[in-house]
Amino acid sequence: MLVLGIDTSCDDTSVALLNAQDNSILSEKVSSRMELHARYGGVVPEIAARQHLELILPMIESVHEEAGVAPDPGTIQLIAATRGPGLIGALLVGLGCAKALSLGWEVPFVGVNHLEGHLVSIALAGKNVPYPHISMIVSGGHSEIYRTISPVEHQLLGETRDDAAGELLDKVGRLLDVPFPAGETIDRWTLEADPSSPHPKFPRPLLNRDTIEFSFSGLKTACLYFLQSDDSKNYSREAIGAEVFRAAVDCLLGKAFLACERENIPTLVISGGVASSRYLRLEAASRAESRGINVMFPEPRHCTDNASMIALAGWNRFSAHGPDPYDIDCDASLTLTPH
Ligand code: KG4
Ligand code: ZN
């Protein structure tokens, strides 16, 4: 049961071949031209779309070559591509290509919600995840907590009122002169920081309120005002960045544990680009233990955007609901559950 997965939701072009029988990845490629975007301090949608157009077909050929299978209808049972959320021009390239191959090869096709890809990425690690469980997605565009009932059913419990956690790190990175995307660098600073040495203190927005919600834009503003104050001269940018991330992680874990408690579900799965953070992983593991919560993470390479998770989510959808019609469209602000 071979599934060809395609993800072109943002700046990364990703293609993968997944064996859906045992979730083994035959070949997986992610190509990013971040240097083209970094000089603008963020992803430029037009550049991303052009890059996908250039890379997609050679990458599809290359995953087949690496897996040692012929790119034809005899080998592929399903083509799955992200249809949202994401940058519309970028999404159109991947979804259009998937539909064209599906028509040409006479192989069924499904459009995948990118968030569902992140939610099921834990299964790529070969781990057995109990259902229902609490899922938290922390990425550049999303910070959401779900009650995941099955691989294709997710009930939204809470989300951010404004910025996403990765967006906070990338924006604070800009204030601190860290190249985009800043998450990995700030993660390293936080791991290396000595929390007992003097450091600025930033707020933990909404942490003490009995609500499953985040608000990260105030934290970014607190950091901005602090940098404009005389007091900021007493601290290194590493110490300031680390305190922002500690505050964000306190909020993320506080709300994820609140969701586990309220729903009476002892399993927490954390996915999305920020979940590749070593600091978040260590803190989650140590704080979960005393609460009797089993916290699970996908492999770091499957936390950031990848097409294996799209192939897997596509296979789950196809098994539950069959193929999608060709008139299914891209949706830049696709959600998992109606608001
Ligand atoms: O899931 P992802 O690859 O793309 C989206 O769907 O948004 O997430 C990208 C985000 C960026 O904001 C980036 O700064 C952050 O993930 N990120 C990290 C780490 N690696 C990437 N944040 C914290 N620690 C990391 N090691
Ligand atoms: Zn993503």
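Below or above, wherever it landed, is the structure these notes cover. Source: prediction; values computed, not measured.

## As for the site of ligand 1
For ligand 1, the set of nearby residues contains 20 residues, the closest of which are Gly140, Asp170, Gly183, Gly273 and Asp305. Asp170 is positioned with one of its side-chain polar atoms (N or O) 2.7 Å from an oxygen atom of ligand 1. A distance of 3.2 Å separates an oxygen atom of ligand 1 from a polar atom in the backbone of Asp305. For ligand 1, the protein covers 87% of the area, taking 560 Å² as the surface of the free molecule. Counting residues per element, the ones that place at least two in the shell around ligand 1 are helix 4 (114–120), helix 5 (165–175) and helix 6 (183–192).

## Re the nonpolar core
With 47 residues, the main nonpolar core has Val138, Phe216, Leu268 and Ile270 as its most contacted residues. Mapped by element, the contributors of at least two residues to this core are strand 6 (133–138), helix 5, helix 6, helix 7 (217–228), helix 8 (237–263), strand 9 (267–271) and helix 9 (278–291). If you tally residues by element for this core, the top one is helix 8, at 14 residues. Beyond its immediate chain neighbours, meaning those up to four positions away, Leu268 contacts Ile134, Ala256, Phe257, Cys260, Ile293, Asn294, Val295 and Met296.

## What to know about helix 9
The end-to-end C-alpha separation of helix 9 is 20 Å, in line with the 20 Å expected for 14 residues at 1.5 Å each. If you follow the buried residues of helix 9, they end up packed against strand 6, helix 6, helix 8, strand 9 and strand 10 (294–296). For helix 9, the capping residue at the N-terminal end is Ser277, with a side-chain oxygen 3.2 Å from the backbone nitrogen of Tyr279. Taken from the residues just after helix 9, Gly292 is the one with a positive phi, measuring 75°.

Calculation criteria
The residue count restarts for each chain, going from 1 along the sequence in the order it is written. Naming scheme: in the order in which they are written, chains are lettered from A and ligands are numbered from 1. Totals for whole chains, interfaces and linings use all residues, but because this is a predicted model, local features are given only for residues with pLDDT of at least 70 and pairs of side-chain atoms are given and counted only at 80 or more. Side-chain measures here rest on the full set of heavy atoms in the structure, leaving out hydrogens and waters. Consider each residue's heavy atoms; a residue with any of them within 4 Å of a molecule or strand counts as near. Polar contact criterion, stated in full: a pair of N or O atoms within 3.5 Å, where within protein one must be able to donate a hydrogen and the other to accept it, and residues adjacent in sequence count only if both atoms are side-chain atoms. Accessible surface is estimated by sampling points in the Shrake-Rupley manner with a 1.4 Å probe; for residues, cover comes only from the protein chains shown. Put simply, DSSP marks the helices as runs of H or I at least four residues long and the strands as runs of E at least two long, and each gets a number from the N terminus on. What makes a nonpolar core is a set of buried Ala, Val, Leu, Ile, Met, Phe, Trp, Tyr and Cys residues whose side-chain atoms join them at distances within 4.5 Å. Classification of residues uses two cut-offs on accessible area relative to the type maximum, computed with a 1.4 Å probe and protein chains only: under 20% is buried, over 50% is exposed, and between them is partly exposed. Residues are treated as being in contact if the distance between any of their heavy atoms lies within 4.5 Å. Expected span, for any helix, means 1.5 Å times one less than how many residues it has.

By themselves, these observations are geometric and do not establish any function.
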